[in-house]
Amino acid sequence: MTYEAKARAFADLHVPGTPLVLYNIWDAGTAGAVAAAGAKALATGSWSVAEAHGYGDGEQIPLDLLLTVCERITTTQDLPLTVDFEGGFAAEPEQITANVLRVVGIGAVGVNFEDQIIGETGLYGIARQAERVAAVRAAHQDLFVNARTDLFLKEKDPLKHADLLPEALERAAAYGEAGASGFFAPGLRDPDLIAQLCEKLALPVNVMMRGLTLDIVREAGVARASYGPLPYADAMQAIAERFTNLA
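A quick note: this is a predicted structure, and the numbers were derived from the prediction, not measured. (Residues numbered from 1 in each chain as written. Predicted model: local features only at pLDDT ≥ 70, side-chain atom pairs only at ≥ 80, totals over all residues. Heavy atoms only, no water.)

1. Examining the overall build of the protein
Cut-off, in case you're wondering: Secondary structure elements are taken from DSSP: a helix is a run of H or I of four residues or more, a strand is a run of E of two residues or more, and numbering for both begins at the N terminus. Burial here depends on accessible area, computed with a 1.4 Å probe over protein chains only, as a share of the maximum for the residue type. Under 20% is buried, over 50% is exposed, and the range in between is partly exposed. We call two residues contacting when some pair of their heavy atoms lies within 4.5 Å. A 1.4 Å probe and the Shrake-Rupley method give the accessible areas. Residues count as covered only by the protein chains that appear here. Positive residues here are Lys and Arg, negative ones are Asp and Glu, while His and the chain termini are left out of the count. Every charge is mapped onto a representative atom, which is NZ of Lys, CZ of Arg, CG of Asp or CD of Glu.
If you tally the helices and strands in the protein, you get 11 helices and 8 strands. In terms of its C-alpha atoms, the protein occupies a principal-axis envelope of roughly 55 × 40 × 35 Å. In the protein, which comprises 247 residues, the proportion classed as buried is 52%. For the protein, the proportion of contacts with a sequence separation of at least 24, taken over those separated by at least 6, is 66%. Put simply, the protein shows about 11100 Å² of open surface, and 53% of that area lies on carbon and sulfur atoms. One way to put it: in the protein the 19 positive side-chain charges average out to a point 3 Å from where the 32 negative ones average out.

Shown next, in the form of structure tokens:
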């Protein structure tokens, strides 16, 4: 299958109400396990990949190492892979495009691209982030650009999330105009707010499955369900418990 065909097949898996389930992986071994269990696609999680190699999240893992890990996945598995690429490992659009071209070069057909400013507490302004999304899109016309907003993750009080919905919709519209393929809103857990997001956006909506069930997100109209760092945390806890039980 050509890169273009695989990318289009991956995009076609995003169906509102029948979400693509992405149980996030961190190396070729976990990719193989998830693939053998029947996954339709593969997705790395930035926190998981970094932690598995002794780094903190937030682009602390060297870009070359991240790409090596992802290339081992695309080399050993035929399923489409999307890479959690955080903020593109760059601030300026030209360098973002260059970095995403390297992701395309190892065969990944999608990226997550977030609007928080790595290493700081705030988000890029909407117009500025739209320029950055356009820079990701410039790397390849068929790449699935999953534009992520950190609005809801930054606001820890879920009672205030409804007030953030208008800005989330504005960001989604701007990112879509700039070339985004999907919109990711991790941290949003209220089923009614998720349903509003799905109803009002033309882009397929992705949520993080923390505090949610697949039945809930199906009903809300979600097109992509990601598990983020949860698989890694569960796996590490299981390993520690098994070692403890040896005694």
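Don't stop here, the text continues.
2. With respect to the nonpolar core
Where we set the bar: What we call a nonpolar core is a set of buried Ala, Val, Leu, Ile, Met, Phe, Trp, Tyr and Cys residues that are connected through their side-chain atoms within 4.5 Å.
In this structure, Phe85 and Leu197 are the most contacted members of the largest nonpolar core, which totals 74 residues. Of the residues forming this core, the biggest block, 7 residues, is contributed by helix H8 (residues 161-178). Among all residues touching Leu197, those that are not within four sequence positions of it are Leu165, Ala168, Leu169, Phe183, Ala185, Leu188 and Val205.

3. Regarding the packing of aromatic side chains
To keep it simple, the criterion reads: Working definition: a ring pair exists when centres of Phe, Tyr or Trp rings (six-membered ring for Trp) sit within 6.5 Å. Plane angles under 30 degrees give stacked, over 60 give edge-to-face, the rest tilted.
Evaluation of the coordinates by the stated rule reveals 6 aromatic pairs. Plain terms: the ring middles of Phe85 and Phe89 are 5.2 Å apart, the flat faces sit at 40° to each other, and that makes the pair tilted. Residue Phe85 shares its accessibility class with Phe89, and that shared class is buried. Residues Tyr175 and Phe183 carry aromatic rings whose centres are separated by 6.4 Å and whose planes lie at 45° to one another, so their mutual orientation is tilted. On the basis of relative accessible area, Tyr175 is assigned to the buried category, the value being 0%.

4. Focus: unusual backbone geometry
We note that Glu86 has phi near 45°; this positive angle belongs to a residue other than glycine. One non-glycine residue, Phe89, lies in positive phi territory at about 60°. By secondary structure assignment, the location of Phe89 is in the loop between strand S3 (81-84) and helix H5 (93-105). The buried category is assigned to Phe89, whose relative accessible area is 17%.

5. Observations regarding the packing of H8 against helix H9 (residues 191-200)
Convention followed: All axes here are fitted lines through C-alpha atoms, helices being fitted over the stretch that makes contact, and every angle between N-to-C directions spans 0 to 180 degrees. Small angles under 35 degrees read as roughly parallel and large ones over 145 as roughly antiparallel, with 65 to 115 read as roughly perpendicular and the rest as oblique. Each crossing gets its hand from how the near helix is turned against the far one by less than a right angle, where anticlockwise is left-handed and clockwise is right-handed. Each residue receives one of three labels: charged for Asp, Glu, Lys and Arg, nonpolar for Ala, Val, Leu, Ile, Met, Phe, Trp, Tyr, Cys and Pro, and polar for the others, Gly being one of them.
The interhelical angle for the contact between H8 and H9, taken along N-to-C directions, is 15°, at an axis separation of 11 Å. The orientation of H8 with respect to H9, classified from their angle, is roughly parallel. The two elements H8 and H9 cross, and the hand of that crossing is right-handed. Residues His161, Ala162, Leu165, Ala168 and Leu169 of H8 form the contact with H9, whose own contacting residues are Leu193, Gln196, Leu197 and Lys200. A per-class count over the contact of H8 with H9 returns 6 nonpolar, 2 polar and 1 charged.

6. Some words on the confidence of the model for the protein
What counts, and what does not: Confidence per residue, as judged by the predictor, is encoded in pLDDT with a range of 0 to 100.
Mean pLDDT over the protein: 98, with 100% of residues reaching 70 or higher. Here helix H7 (residues 151-154) stands out as the least confident element of the protein, with mean pLDDT 97; strand S5 (residues 144-148) is the most confident, with 99.

7. A look at the packing of helix H6 (residues 126-137) against H8
Taken N-terminus to C-terminus, the directions of H6 and H8 make an angle of 35°; their axes are 8 Å apart at the nearest point. The crossing of H6 and H8 is right-handed. Along its contact with H6, which presents Ile126, Gln129, Ala130, Val133, Ala134 and Arg137, the element H8 presents Glu170, Arg171, Ala174, Tyr175 and Ala178. Class assignment of the residues belonging to the contact of H6 with H8 gives a composition of 7 nonpolar, 1 polar and 3 charged.

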